[in-house]
Amino acid sequence: VLRLLAAGRVDQAVVVGEDLLDEGMEDDLLYEAVEQGYRVSGALDEVPDVVELRDGPEAAKEVEELIDLGGTDGYWTWKIRRMEADRASGRRVSPVVEATARMVSGDSQGGLEGLKVALEQRDPLLALVRHDASWDPIRATPAFQETIRIGRSQLRWVPPRPPGG
């Protein structure tokens, strides 16, 4: 799933990830990869299904209501709360998802700092940054380019971003 995401084949990654979840594979990284794949591909309406598998029907209803009310902003309101709860319960929180939350909330410097943490921790979801439009406002900046250059050297298995992708 991660390699498909890295290659920009987000729709295919989500299908494979959903199949694995449907077969009973329970893994926080897989849940997160599928959820973020849906977000990156613009299919926020699919996120509650993944949330229900991981966290149950009440959590799915909550995220669905927030997405219905606020779209992407509603999703991030829910996601930030969930990351706080996950951290409090000892669950791993993806530094990439945290950095993206900062980015979409207008804190591009905090987002870049979060990406550096993700690089240090070798967060497997770094592959998403290349295909996530949330990063487009700073994608051409020297600071972002340098961070990605460093990341590319550390994560050699990640293919380059496809033209126009």
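Up top is the structure.
Calculation rules
- Residues numbered from 1 in each chain as written.
- Predicted model: local features only at pLDDT ≥ 70, side-chain atom pairs only at ≥ 80, totals over all residues.
- Heavy atoms only, no water.
- Helix = DSSP H or I, 4+ residues; strand = E, 2+ residues; numbered from the N terminus.
- Rg over C-alpha atoms; globule rule 2.2 N^0.38 Å.
- Buried < 20%, exposed > 50% of the residue type's maximum accessible area, 1.4 Å probe, protein only.
- Contact = heavy atoms within 4.5 Å.
- Areas by Shrake-Rupley, 256 points an atom, 1.4 Å probe, with all protein chains shown as cover.
- Lys, Arg positive; Asp, Glu negative; His and termini not counted.
- Charge placed at Lys NZ, Arg CZ, Asp CG, Glu CD.
- Salt bridge = Lys/Arg side-chain N within 4 Å of Asp/Glu carboxyl O.
- Core = buried A, V, L, I, M, F, W, Y, C linked by side-chain atoms within 4.5 Å.
- Polar contact = N/O pair within 3.5 Å; in protein donor to acceptor, adjacent residues only side chain to side chain.

S.K.: Before we go on, may I ask you to explain the overall build of the chain in this structure?
M.R.: The number of helices and strands found in the chain is eight helices and zero strands. The linear arrangement of helices and strands in the chain, starting from the amino end, is α-α-α-α-α-α-α-α. Its C-alpha atoms give the chain a radius of gyration of 15 Å, near enough to 15 Å, the size a compact globule of 165 residues would have. Each principal axis of the C-alpha atoms in the chain carries an extent, and together these give about 45 × 30 × 30 Å. For the chain, the proportion of its 165 residues judged to be buried stands at 45%. Within the chain, counting contacts between residues at least 6 apart in sequence, those at least 24 apart form 56% of the total. Surface summary for the chain: the accessible area is close to 8500 Å², and the carbon and sulfur share equals 50%. Each charge class in the chain can be summarised by its mean position, and for the 20 positive and 31 negative side chains these summaries are 10 Å apart.

S.K.: So what exactly am I meant to see when it comes to unusual backbone geometry here?
M.R.: Excluding glycine, a negative phi dihedral is what most residues carry, and trans is how most peptide bonds are arranged. Positive phi values are uncommon outside glycine, yet Arg122 reaches one of about 50°. Counting through the fold element by element, Arg122 comes out in the loop between helix 7 (108-120) and helix 8 (142-154).

S.K.: What is the right way to read the pattern of salt bridges from this model?
M.R.: Side chains that differ in charge, positive against negative, can pair when their charged atoms come close. The final tally for this structure, using the stated rule, is 20 salt bridges. Between Asp28 and Arg54 there is a salt bridge, with the nearest N and O atoms lying 3.6 Å from each other. Of the two residues, Asp28 sits in helix 3 (residues 28-40) while Arg54 sits in helix 4 (residues 47-55), which places them 26 residues apart along the sequence. A relative accessible area of 33% places Asp28 in the partly exposed class. Under the relative-accessibility criterion, Arg54 is labelled buried at 13%. One salt bridge connects Arg91 with Asp55, and the closest N-O pair in it is separated by 3.4 Å. Taken together, the positions of Arg91 in the loop between helix 5 (57-88) and helix 6 (95-104) and Asp55 in helix 4 put the pair 36 residues apart, joining distant regions of the chain.

S.K.: Explain the environment of Leu69 to me, please; I cannot follow it from the model alone.
M.R.: With respect to the helices and strands, Leu69 occurs in helix 5. For Leu69 and Val34, which are 35 residues apart along the polypeptide, the C-alpha to C-alpha distance reads 22 Å.

S.K.: Honestly, the nonpolar core in this entry has me stumped. Any pointers?
M.R.: One broad trend across soluble globular proteins is that nonpolar side chains are buried collectively. In terms of nonpolar packing, the biggest core is built from 42 residues, with Val47, Tyr75, Leu115 and Trp135 touching the most fellow members. The greatest single-element share of this core, amounting to eight residues, is contributed by helix 5. Among residues more than four places away in sequence, those in contact with Val47 are Glu35, Tyr38, Val63, Ile67 and Tyr75.

S.K.: Before we go on, may I ask you to explain helix 6 in this structure?
M.R.: Helical geometry note: an α-helix holds 3.6 residues per turn, so side chains three or four residues apart project in the same direction. The element helix 6 is largely enclosed, with a buried count of seven among its 10 residues. Among the residues making up helix 6, those that are buried are Pro95, Val96, Val97, Ala99, Thr100, Ala101 and Met103. Considering only its buried residues, helix 6 is in contact with helix 3, helix 5 and helix 7. A side-chain oxygen of the first residue of helix 6 lies 3.2 Å from the backbone nitrogen of Val96; this N-cap is Ser94.

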